[in-house]
Amino acid sequence: MAKAKRYLNFIGGKWVEPATGKYTENRNPADNDDLIGEFPASGGEDVDKAVQSAKKAFNDWRLVPAPKRGELVKRVGDILVRRKEEISQVMTREMGKIIKETRGDTQEGIDTAYYSAGEGRRLFGQTVPAELPNKFAMSVRQPVGVCGMITPWNFPIAIPTWKLFPAILCGNTCVIKPATLTPASVALLMEVFQEAGLPDGVVNLVCGSGGEVGNAMVGHPDINRISFTGSVEIGRKLAEKCGANMKRLSLELGGKNAEIIMDDADLELAVEGALWGAFGTTGQRCTATSRLIVHEKVHHEVLAMMVERAKNLKVGNGLDERVEVGPMVCEDQRRTVLEYIRIGKEEDKAELVTGRGTLTEGDYAKGYFLKPTIFDRVQPGMRIAQEEIFGPVLAVITIKSLEEAIEVLNDTEYGLSSSIYTRDVNRAFQAIRDIEAGITYINGPTIGAEVQLPFGGVKNTGNGHREAGTVVYDFYTEWKSVYVDFSGRLQKAQIDTAE
Ligand code: UN1
């Protein structure tokens, strides 16, 4: 058997071995024989090296004019365009989602690059009038220093770019720890930075576990910001640690997103949206449709259409262009989802209408495949209607009115994405106003956010920050208010008032 390719950390513009000397394997979740490579199992010493290199790079990088930094980010985007197919292929191999979706994931990185590049010529501050004569007042944005990014496996390129591109555009330097299941995509992103000519040390990659690398980052005194996407459980722990150290933290955590189908909806469109939302990315999106809230008048018809279509979705290796649903990312995730399917079957009255577990015959034996699964007659309080499953499992709940639909939708600890299908403009606007979520789609599925709008959610989905859009620049900068007094005398604000 050919020797596995050994990947290294990327620190100070160089590929370096981890101080631990340890590595872990990364295999394709659709085909266990496919070994992508060995990746560093780094430790605290590696994090410290990366932080020192980022700190050093910050001295010069912060002084590069923002439009110039933007030009570099633009070049990164151009290289991503050229290498899109290669990166997407590697991403499908390491993460499992289908090739069309990994192309979309890379595209989201390209979109973020071009959006951030443009911001290089904006990064607006505010100029406001001063209350005293011959005095000038303005506010400007300043970089914060070294930022730490801890990223998940479900969007191996898009989410790292959401964090890295705005951060470096603002003049910060970064240390990133990718998910242990998807480090290859981020290693390719480092190659892209290198090719674009990003100065050494502006972005550093340290591969390894959350326990070792993540904890060392969060505890490092020279990291000013932590941006994390992942589970509520870990998010809560990070918030405690960052709180104790006054480190600013951006959290993007779970979701229990729902699509509402009203009795006046275009049912064909609504069903298509629900299938894409629930089973796209094998349900492994924070924005995945996990509950389908259907008006009783159309419930029967919608369910029949859903079951028929879900049964026929082609599950398999995501590199095959015809496949519609890839494997679960790893055995642990598959086990968790199977456990929820078991719980769903035992919860009173819920009825499993299609799905039922693993696919293990033939080529399926080499991966972590699951059948798209739908439960009907789910009650809002059941565990499968409350807890984030992160797999291809949809819970169908029946309601009698818009008010009840919104009440059921809001009845979870999360609030990331939401959707309603209706042809009634009044109902649509009522939903926009009353749904508790960071994102609401009208006549579109719960997935598919665009990078020029804020991304994030309410309640336990986060801690008030947003990624993407213009608001992410608030996280990666500090405001400085500047007063210039050109009167030549001491003027006392609030005291020298005109009588
Ligand atoms: C995620 O699942 O964490 O809106 C991100 C979407 C994608 C991003 C999802 N653009 O579904």
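Quick notes on the rules
- By convention here, each chain's residues receive numbers from 1 onward along its written sequence.
- Where local features are concerned, this predicted model is filtered to residues with pLDDT of at least 70; where side-chain atom pairs are given and counted, the filter is 80 or more; whole-chain, interface and lining totals use all residues.
- The side-chain numbers reported here are obtained from all heavy atoms of the structure, hydrogens and water having been left aside.
- Think of it this way: any DSSP run of H or I at least four residues long counts as a helix, any run of E at least two long counts as a strand, and we number them from the N terminus.
- As a reference, a globule follows 2.2 Å times the number of residues to the power 0.38, and the radius of gyration itself is taken over C-alpha atoms.
- For every residue, the accessible area obtained with a 1.4 Å probe (protein chains only) is divided by the maximum for its type, and the residue is called buried under 20%, exposed over 50%, and partly exposed between those limits.
- Throughout, a contact is declared for two residues whenever any of their heavy atoms are within 4.5 Å.
- For every accessible area listed, the method is Shrake-Rupley and the probe measures 1.4 Å; residues are considered covered only by the protein chains on display.
- Positive residues here are Lys and Arg, negative ones are Asp and Glu, while His and the chain termini are left out of the count.
- For this purpose, a charge sits on NZ of Lys, CZ of Arg, CG of Asp or CD of Glu.
- Two strands form a pair only when DSSP identifies at least two bridges running between them.
- Seen with its strands pointing away from the viewer, a crossover is right-handed when the path leading from the first strand over the helix to the second is clockwise.
- Helix axes use the C-alpha atoms of the stretch in contact, all axes being lines fitted to C-alpha atoms, and the angles between their N-to-C directions lie in the range 0 to 180 degrees.
- Aromatic contacts are taken between Phe, Tyr and Trp rings whose centres are within 6.5 Å, Trp giving its six-membered ring; a plane angle under 30 degrees counts as stacked, one over 60 as edge-to-face, and the others as tilted.
- What sets the label is the angle itself: under 35 degrees gives roughly parallel, over 145 gives roughly antiparallel, 65 to 115 gives roughly perpendicular, and the rest give oblique.
- By definition, any crossing whose near helix is turned counterclockwise from its far helix by less than a right angle is left-handed, and any crossing with a clockwise turn is right-handed.
- Amino acids are sorted into nonpolar (Ala, Val, Leu, Ile, Met, Phe, Trp, Tyr, Cys and Pro), charged (Asp, Glu, Lys and Arg) and polar (every other residue, Gly among them).

Asker: Residue-level account of the overall build of the protein chain, with values.
Answerer: Along its length, the protein chain carries 15 helices and 21 strands. Whereas a compact globule of 499 residues would reach a radius of gyration of roughly 23 Å, the protein chain reaches 24 Å, a difference of no more than 12%. Among the 499 residues that make up the protein chain, the fraction classed as buried is 56%. Intrachain contacts of the protein chain at a sequence separation of at least 6 include 74% that bridge at least 24 residues. Surface exposure of the protein chain reaches about 21000 Å², of which carbon and sulfur atoms provide 50%. Separation of charge centres in the protein chain, based on 60 positive and 68 negative side chains, amounts to 4 Å.

Asker: So what's going on with the pairing of strand 20 (residues 439-442)? Which residues, and what values?
Answerer: Only one face of strand 20 is covered, namely the one carrying Ile 439 and Tyr 441; the face carrying Thr 440 and Ile 442 has none of its residues buried. Across 4 bridges, strand 19 (residues 417-421) lies against strand 20 in parallel orientation. Opposite Ile 420, over in strand 20, you have Ile 442 as the bridge partner. In this region the chain leaves strand 19, passes through helix 14 (residues 425-434) and returns to the parallel neighbour strand 20; the handedness of that crossover is right-handed.

Asker: Mind laying out the sheet that holds strand 17 (residues 373-376), listing which residues take part and the relevant values?
Answerer: Pairing is mixed in the open sheet, where 7 strands are placed in the order 14-17-18-13-12-19-20. Two strands lie at the open edges of the sheet, namely strand 14 (351-354) and strand 20, each paired on one side alone. Averaged over all adjacent pairs, the angle separating strand axes in this sheet is 25 degrees, with direction ignored. The pairing of strand 12 (residues 257-261) with strand 19 spans 4 bridges and is parallel. Bridge pairing in strand 19 links Glu 259 to Ser 419. Contacts between helix 10 (residues 296-311) and the sheet are confined to strand 12, strand 13 (289-295), strand 14, strand 17 and strand 18 (393-399), with strand 13 contributing the most and set at about 140 degrees to the helix. Seen against the sheet, helix 11 (residues 331-346) touches strand 14, strand 17 and strand 18 and runs at an angle of roughly 25 degrees to strand 17.

Asker: Report on the packing of aromatic side chains, specifying residues and quantitative values.
Answerer: Enumeration over the complete set of coordinates arrives at 7 aromatic pairs. Consider the rings of Trp 153 and Phe 390, whose centres lie 5.6 Å apart with planes at 85 degrees: the pair is edge-to-face. With a gap of 237 residues between them, Trp 153 in the loop between strand 7 (146-150) and helix 5 (158-169) and Phe 390 in the loop between helix 12 (383-386) and strand 18 connect regions that are remote in the sequence. Take Trp 153 and Phe 390: they sit in the same class, and that class is buried.

Asker: Explain the packing of helix 9 (residues 267-279) against helix 10 residue by residue, including any values.
Answerer: Where helix 9 contacts helix 10, the axes come no closer than 10 Å and their chain directions differ by 50 degrees. Relative to helix 10, the element helix 9 is oriented oblique. Every pair of crossing elements has a handedness; the one defined by helix 9 and helix 10 is right-handed. Residues Leu 267, Glu 268, Val 271, Glu 272, Ala 274, Leu 275 and Phe 279 of helix 9 form the contact with helix 10, whose own contacting residues are Val 298, Glu 301, Val 302, Met 305, Met 306, Arg 309 and Ala 310. Considering only residue class, the contact of helix 9 with helix 10 consists of 10 nonpolar, no polar and 4 charged.

Interpretation note: all reported values are geometric properties and have no functional meaning in isolation.
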